[in-house]
Amino acid sequence: MFDSNSYQRFGDKQNSAFFEEYLFRVLTERDRCGLTDMIGGIEALLIAVEPGKSLEYIAELALMTPYHYLVTLDGPKHMTHVLRIDMNSPDILLREIKVPDYTDLFRSLNDQYPIGARRPHSRYLGEILRVTDRLDVVAMQQEREFRFLTMGQLTELDLPLNFSVSKPSPYTQNVVGYMERSSEGIRVYKHGVSTIMADAQAAYERGKIMQEHIGVKDMLMPIDHLATRVYSQNREAALLEYLALSSYYYWGSYDIKDQNSSTNVTKNVRGDPESMSPAKVFTANNLPYCVNHLDKLPSPTESFVRNYGPRLHHMALTVTDGQTNGMENIDFVVGAIASQGKRFLLDTVGSREEGLKQIFSSASDFSSLIIEYVQRFDGFQGFFARDNVAHLTFAAGLEEGVQAKSTE
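Each chain has its residues counted from 1, running along the sequence as written. With pLDDT at 70 or above as the cut-off, local features in this predicted model cover only qualifying residues; side-chain atom pairs require 80 or more to be listed or tallied, and sums for whole chains, interfaces and linings still use all residues. Side-chain metrics rest on all non-hydrogen atoms present in the structure, leaving aside hydrogens and water.

Section: the environment of L83
Helix and strand labels come from DSSP, where a helix needs a run of H or I of at least four residues and a strand needs a run of E of at least two; each type is numbered from the N terminus. With respect to the helices and strands, the residue L83 is situated in strand β4 (residues 78-84). Sequence separation between L83 and Y204 is 121 residues; the distance between their C-alpha atoms is 9.8 Å. Should any heavy atoms of two residues lie within 4.5 Å, those residues are considered in contact. Discounting chain neighbours no more than four positions away, the residues touching L83 are I58, L61, Y67, H68, Y69, D91 and I92.

Remarks on the domain arrangement of the protein
Taken domain by domain, the protein holds domain 1 (37-211) and domain 2 (214-406). Across the contact, 47 residues belong to domain 1 and 55 residues belong to domain 2. Accessible surface is computed with a 1.4 Å probe, and the buried area is the amount of it that two parts give up when combined, taken over both parts together. For the pairing of domain 1 and domain 2, the buried interface totals around 4400 Å² over both sides, and the portion due to carbon and sulfur atoms is 61%. Salt bridges are counted wherever a side-chain nitrogen of Lys or Arg sits within 4 Å of a carboxyl oxygen of Asp or Glu. We note a salt bridge from E127 to K280, for which the minimum N-O separation is 3.1 Å. Between N or O atoms, a polar contact is any pair within 3.5 Å; within protein, one atom must be a potential hydrogen donor and the other a potential acceptor, and residues adjacent in sequence are included only when both atoms are from side chains. Where domain 1 packs against domain 2, one counts 24 residue pairs in polar contact (both at pLDDT 80 or more). Of all the elements in the fold, those that place two or more residues in the side of domain 1 that touches domain 2 are α2 (35-38), β2 (39-49), α3 (54-64), β6 (123-131), β8 (175-180) and α7 (198-213). With 7 residues, β2 is the single largest residue contributor to the side of domain 1 that touches domain 2. Grouping the constituent residues of the side of domain 1 that touches domain 2 by class yields 24 nonpolar, 14 polar and 9 charged. What counts as a domain boundary in this text is fixed by an automatic or database domain assignment. Amino acids outside the nonpolar list (Ala, Val, Leu, Ile, Met, Phe, Trp, Tyr, Cys, Pro) and the charged list (Asp, Glu, Lys, Arg) are all regarded as polar, and Gly is one of them.

Quick word on helix α11 (residues 329-338)
With 7 of 10 residues buried, α11 lies mostly within the body of the structure. Between buried and exposed lies partly exposed: a residue is buried under 20% and exposed over 50% of the maximum accessible area for its type, with that area taken using a 1.4 Å probe on protein chains only. Regarding α11, the residues found buried are N329, I330, F332, V333, V334, A336 and I337.

Thoughts on helix α1 (residues 17-33)
With 17 residues, α1 should cover 24 Å at 1.5 Å per step; its first-to-last C-alpha distance of 25 Å lies within 8% of that length. Listing the buried residues of α1 in full gives F19, L23, L27, R30, D31 and C33. On the buried face of α1, the contacting elements are α2, α5 (134-143), α8 (235-245) and β11 (248-256). Backbone geometry just after α1 places G34 at a positive phi near 95°. Expected helix span is computed as 1.5 Å times (number of residues minus one).

Digging into the sheet that holds strand β17 (residues 349-351)
When DSSP locates at least two bridges between a pair of strands, those strands are taken to pair. If you walk across this open sheet you meet the 9 strands as β1-β11-β12-β13-β10-β14-β19-β18-β17, and the pairing is mixed. Either end of the sheet is taken by a strand with one partner, and the two such strands are β1 (10-11) and β17. Bridge count between β1 and β11: 2 bridges; the pairing is parallel. Counterpart to G11 in the pairing with β11 is S253.

Considering empty space enclosed by the protein
A 1.4 Å probe that fits but cannot get out identifies a cavity on a 1 Å grid over protein atoms alone, an open set with protein on both sides within 12 Å along at least five of seven lines counts as a pocket, and a residue lines either if it has an atom within 4 Å of a point. Grid points are joined across faces, edges and corners, and a volume is the space filled by probe spheres set on the points. All chains considered together, the criterion is met by 4 cavities of 30 Å³ or more. Volume-wise, the second largest cavity comes out at about 110 Å³. For the lining of the second largest cavity, the secondary structure elements donating two or more residues are β2, β5 (91-97) and α4 (105-110). By residue class, the composition of the lining of the second largest cavity is 7 nonpolar, 2 polar and 4 charged.

A closer look at the nonpolar core
Here, the term nonpolar core denotes a set of buried Ala, Val, Leu, Ile, Met, Phe, Trp, Tyr and Cys residues that are joined through side-chain atoms within 4.5 Å. With 79 residues, the main nonpolar core has Y57, Y178, M315 and Y373 as its most contacted residues. Of all the elements, α3 adds the most residues to this core, at 7 residues. Each of domain 1 (37-211) and domain 2 (214-406) accounts for three or more of the residues forming this core. Setting aside anything within four residues of it in sequence, one finds M315 in contact with L45, I47, Y57, I223, H225, L226, L369, I370, I371 and E372. Core analysis: the second largest hydrophobic core is formed by 20 residues, L46, F106, F163 and V175 among them.

Below you can see the structure in the form of structure tokens.
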């Protein structure tokens, strides 16, 4: 039996007494009732793009990540492209709506926000977690007042019918889904007609040929973490909600005071490497926007949420440790990918002495998601360096701030 409260705590962010009390109680009760044992790591990531944009995004991911195009699930309303690294890392299920003016639950989330509404179908939807008994897990979560989409709603939303999916979170607007699979079983998505699309295969091959040509193929590793931005008042509730729905534990929180924000990390309780089940990060302002006119502090995180909505901000991928052509691998990767027209928000930040280097790409034109690259040196186990996060947050805020002003 797991003890999800036994892990070492990191960080300097001061949480409320409410959070500390309910963190202990939520994890203790989750362990006691067996949910921690029944819920595994992340099986798949759900990402939606605009009509006609999935092929370009497949090519972009083939260049910038280790993902491979596997198959397309042709459903009534969506083409869902399955991208896979291997069975040890989460899949990406890339959804493209067939009818541009189609409106559903997920589009309605985008329509509330000025920049989010510009790409009404583009958003990260959430994660699907592996479970040993899907119906039992859902029944236990429903007893805890978590709400799930009905079978009719899954059909209406054109989602695989071997999923159970929560309703979007009021805190993150992401969903959490469950999929039953044994540790030895193959992931199978019961949805639509499986086909290998010639144009999707061609887009994938175009990206992979370029990835190999520029010499970065063997340096790009699976996803390290997924970072969601939420409103300041929802930070603690978002953490507690995800911990209740998953088998993750609270790793800790760091206060990034000069950017008026905090970075809050949860990790898989089984100790699996992040390549198998990425860490989940929640970033929030320290102070809400409604009082910031008094202190006039930087507010990149809350500005992002006000313009895009609470949502996933970036996916971070690991770059192998080492040097190529006299430079750190991450610097070689960034230079090579930038030579193909992909933009980055700043130079790499960090150093071997600090333990890691990091960088943000510009947001994708197709999914609105940022790719982060992380190189850890000499087996460094830390999650980030404080100065790195401050620089990354500031750079992202500059780009998003310029966009925000253009909408007003």
